[in-house]
Amino acid sequence: MPSGVIPGGAFHGKKMEKLKNFLKEETVLCVAALLAISSMLVVYPSKNYIEYIDLRVLTLLYSLMLVVAGLKKEGVFENLMRLLAGFVHNSRQLYLVLVLANFIFSMLITNDVSLLTLVPFAIMVLHRTDQKKLLSFTIVMQTIAANLGSMCTPIGNPQNLYLYTVSAMEIGEFMGILMPYTVTALVLLLGSALLVPSEEIKLTDMAVTSGKKSQISRRTVCYIMLFGICLLTILRILPYGIMLLVVVVAIAVIQPVLFKRADYMLLMTFVAFFIFVGNVKNMEAAGELLNQYVTGYELPVSVVLSQVISNVPAAVLLSGFTDNYRELLIGTNLGGLGTLIASMASLISYKLYVKTQECDVKKYMLLFTFMNVVFLAVLAGVALFTGIG
């Protein structure tokens, strides 16, 4: 597929897309920066600020960004999807492959990278198989699948990595907390396939790998090994300083262009929120007030707050005023469902959809909102039933 082009729609080009993403991320960063600067007027800068910054979270995020960018550049995920597509014979099977691939991939490469990789692939395949009528529903469900699949692992999304780090949970405990919601989400996604007609299709040309080598390249092997090193740090086996050094040196030697692909806006947003939360905790009156309203209500508060500022900032902000990480973890992950900005990853698939000629924004938003509310209601019911909420 040509760069910057989706079949059936006209793109504004790579530069325009980068500008849009920049503006989106810049808005969140500006809010975080304003909060941090405002708090500095009350709690003046000092050496204590250094203690606010969680270097382990930042180095892990940065390293994973670089490694996943390398795997994506090598076409690993697209080739895996092409391989899966070879087993598809009807529209319902195609829908399941496109949706469940996001569910699974997001556990390892984050929800935003999964959507950036697989939504364009889905649009291309649906056009080739004359299934354009499934476009809006498939992309909506891909988005939900990515947001819910990513909650299963510490590296699935930024708020999980952050909460996993600050809570010092064991990997088994972390995944155990979210497993009921992951299994429920999978059942709902499988059930959603019943809404898709089963029409015979042919994907005979999907085995072609767009000119990329079919064999695993040396760079791909290196990136897989670097990913393993990141996992060792996540499991607290390898110190984060050593991991960062190995990853940075390796990327500098293998493919230094990847340094441009890291999400520095997200990293700076984390720093700004670290400073803000650290300062507010040192404001006795403000800290007590927030503790009063957050403690005991972590799950509903985090779900509601995520609808307004998205779940990543909500996790960082609320974690400063409660140590009930279990409910905070559930709340910020469920909070990724709902509004379009509840999870910033949802904006990625939306922008990719509106670039197609078949786009119907009103239909998409109604469908997106309805399906998100349904999934959120069911998963919130699971929380109530298990006695967590």
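Here the residue index of a chain counts from 1 through its sequence in written order. With the structure being a predicted model, the display of local features is reserved for residues of pLDDT at least 70 and the display and counting of side-chain atom pairs for 80 or more, all residues being used for whole-chain, interface and lining totals. Side-chain metrics rest on all non-hydrogen atoms present in the structure, leaving aside hydrogens and water.

Student: Would you mind going over the overall build of the protein chain with me for this structure?
Tutor: Check the secondary structure of the protein chain and you find 18 helices and zero strands. Counting only contacts in the protein chain whose residues sit at least 6 apart along the sequence, the fraction spanning at least 24 positions is 81%. Reported accessibility uses the Shrake-Rupley method at a 1.4 Å probe radius. Residues are deemed covered only where the shown protein chains occlude them. For the protein chain, the computed accessible surface area is about 17,600 Å², with 69% contributed by carbon and sulfur atoms. Helix and strand assignments come from DSSP, with helices taken as H or I runs of at least 4 residues and strands as E runs of at least 2, each series counted from the N terminus. Only heavy atoms matter for contacts: two residues are in contact if any of them lie within 4.5 Å across the pair.

Student: Help me understand the nonpolar core in this model?
Tutor: Formed by 121 residues in total, the largest nonpolar core has its most connected members in Met141, Leu148 and Phe270. At 12 residues, helix 3 (residues 55–73) tops the list of elements feeding residues into this core. Residues contacting Met141, with those up to four places away along its chain left out, are Tyr95, Val99, Leu189, Ser192, Met371 and Phe375. Here, the term nonpolar core denotes a set of buried Ala, Val, Leu, Ile, Met, Phe, Trp, Tyr and Cys residues that are joined through side-chain atoms within 4.5 Å. Classification of residues uses two cut-offs on accessible area relative to the type maximum, computed with a 1.4 Å probe and protein chains only: under 20% is buried, over 50% is exposed, and between them is partly exposed.

Student: I would appreciate a short explanation of the pattern of salt bridges in the present structure.
Tutor: Think of it this way: side chains of opposite charge can pair up when their charged atoms draw near. A pairing counts as a salt bridge when a side-chain nitrogen of Lys or Arg comes within 4 Å of a carboxyl oxygen of Asp or Glu. Enumeration according to the criterion identifies three salt bridges in this entry. A salt bridge links Arg219 to Glu74, with the shortest nitrogen-to-oxygen separation between them at 3.3 Å. Remark: Glu74 occurs in the loop between helix 3 and helix 4 (76–85) and Arg219 occurs in helix 10 (residues 218–234); sequence separation between them is 145 residues. Arg219 gets classed as partly exposed once you look at its relative accessible area, which sits at 36%. Accessibility expressed as a relative area gives 16% for Glu74, which makes it buried. Lys133 serves as the salt-bridge partner of Glu199, at 3.3 Å between the closest nitrogen and oxygen. You can see Glu199 sitting in the loop between helix 9 (171–192) and helix 10 and its partner Lys133 sitting in the loop between helix 6 (111–128) and helix 7 (135–149), a full 66 residues away along the chain. Classification of Lys133 by relative accessible area gives partly exposed; the value is 47%.

Student: What is the right way to read the packing of helix 9 against helix 18 (residues 361–385) from this model?
Tutor: Between two packed helices, both the angle of their axes relative to each other and the distance between the axes serve to describe the pair. Between helix 9 and helix 18, the least distance of the axes is 10 Å, while the angle of their chain directions is 145°. Crossing handedness for the pair helix 9 and helix 18: right-handed. Taking contact as the criterion, the partners of Pro180, Tyr181, Thr184, Ala185, Leu188 and Leu189 in helix 9 are, on helix 18, Phe375, Val378, Leu379, Val382 and Ala383. Tallied by class, residues from the contact of helix 9 with helix 18 come to 10 nonpolar, one polar and no charged. Axes, fitted as lines to C-alpha atoms, cover a helix only where it is in contact. Angles between the N-to-C directions of the axes lie from 0 to 180 degrees. Whether a crossing is left-handed or right-handed is set by the direction in which the near helix is turned from the far one by less than a right angle, anticlockwise for left-handed and clockwise for right-handed. When residues are grouped by polarity, Ala, Val, Leu, Ile, Met, Phe, Trp, Tyr, Cys and Pro land in nonpolar, Asp, Glu, Lys and Arg in charged, and all others, Gly among them, in polar.

Student: What is the right way to look at the packing of aromatic side chains in this model?
Tutor: Pairing of aromatic rings covers Phe, Tyr and Trp, the last counted by its six-membered ring, and requires centre-to-centre distances within 6.5 Å; plane angles under 30 degrees mean stacked, over 60 mean edge-to-face, and any other angle means tilted. For the structure shown, the criterion picks out six aromatic pairs. Where Tyr62 meets Tyr264, the ring centres are 5.7 Å apart and the plane angle is 50°; that geometry is what we call tilted. In this pair, Tyr62 is assigned in helix 3 and Tyr264 in helix 12 (residues 264–281), connecting sequence segments 202 residues apart. Between Tyr164 and Phe174, the ring centres sit 5.6 Å apart and the planes meet at 90°, which makes this aromatic pair edge-to-face.

Student: Help me understand empty space enclosed by the protein, please; the structure alone is not making it clear to me.
Tutor: Left-over empty space is what a probe sized like a water molecule reveals as it rolls over the atoms. In this analysis, the protein atoms alone were mapped onto a 1 Å grid. Cavities are point sets where a 1.4 Å probe fits without being able to get out; pockets are open sets with protein on both sides within 12 Å along at least five of seven lines; lining residues have an atom within 4 Å of a point. Grid points are joined across faces, edges and corners, and a volume is the space filled by probe spheres set on the points. All chains considered together, the criterion is met by one cavity of 30 Å³ or more. Here the largest cavity defines a volume of roughly 30 Å³. Contributing to the lining of the largest cavity are Leu266, Thr269, Phe270, Phe273, Val312, Pro313 and Val316. Those elements that place two or more of their residues in the lining of the largest cavity are helix 12 and helix 15 (311–318). When residues in the lining of the largest cavity are grouped by element, the largest group, four residues, is from helix 12. Taken together, the residues of the lining of the largest cavity sort by class into six nonpolar, one polar and no charged.

Student: What exactly am I supposed to notice about helix 5 (residues 91–109) here?
Tutor: Expected helix span is computed as 1.5 Å times (number of residues minus one). Taking 1.5 Å as the rise per residue, helix 5 with 19 residues should run 27 Å; its terminal C-alpha atoms sit 26 Å apart, in good agreement. Counting buried positions along helix 5 gives 14 out of 19 residues, so the element sits mostly inside the fold. Once helix 5 ends, the next one or two residues include Thr110, with phi positive near 75°.

Student: Would you mind showing me how to read the confidence of the model for the protein chain here?
Tutor: The predicted coordinates ought not to be read in detail in places where the model reports low pLDDT. Confidence of the predictor at the level of single residues is captured by pLDDT, which takes values from 0 to 100. Residues of the protein chain with pLDDT of at least 70 account for 86%, and the chain-wide mean is 82. Predicted confidence for residues 1–24 stays below pLDDT 50, and this span has 32 contacts to residues more than four positions away or in other chains. Contacts of residues 208–213 to residues separated by more than four positions or lying in other chains number 11 contacts, the stretch itself having pLDDT below 50.

Student: Would you explain the environment of Thr332 in this entry?
Tutor: Topologically, Thr332 is positioned in helix 16 (residues 325–334). Residue classification places Thr332 among the buried residues on the basis of a relative accessible area of 0%. Setting aside residues up to four positions removed in sequence, Thr332 forms contacts with Gln159, Leu163, Ser302, Ser306, Asn311, Ala314 and Ala315. Any N or O atom pair separated by 3.5 Å or less is treated as a polar contact, with the protein-specific requirement of one donor-capable and one acceptor-capable atom, and with residues adjacent in sequence counted only for side-chain atom pairs. Engagement of the side chain of Thr332 in a polar contact is seen with the backbone oxygen of Leu328, the distance being 2.8 Å.

Student: Would you mind going over the side chain of Thr143 with me for this structure?
Tutor: The residue Thr143 is located in helix 7 in this model. Residue classification places Thr143 among the buried residues on the basis of a relative accessible area of 1%. Residues contacting Thr143, with those up to four places away along its chain left out, are Leu115, Ser346, Ser349, Tyr364 and Phe368.

Student: What should I look at first to understand a nonpolar patch on the surface in this one?
Tutor: Patches here are clusters of residues that have more than 30% relative accessible area and form no salt bridge, with a 9 Å joining cutoff for like charges and a 5 Å cutoff for nonpolar side chains (Val, Leu, Ile, Met, Phe, Trp, Tyr). A cluster of nonpolar side chains, Leu80, Leu83 and Phe87, forms an exposed patch at the surface whose accessible area comes to about 330 Å². Within the secondary structure layout, Leu80 lies in helix 4.

Student: When you look at the side chain of Gln307 in this model, what are you seeing that I'm missing?
Tutor: With respect to the helices and strands, Gln307 occurs in helix 14 (residues 298–309). Relative accessible area serves as the criterion here: at 18%, Gln307 is assigned to the buried category. From its side chain, Gln307 meets the backbone nitrogen of Thr339 in a polar contact 2.9 Å long.

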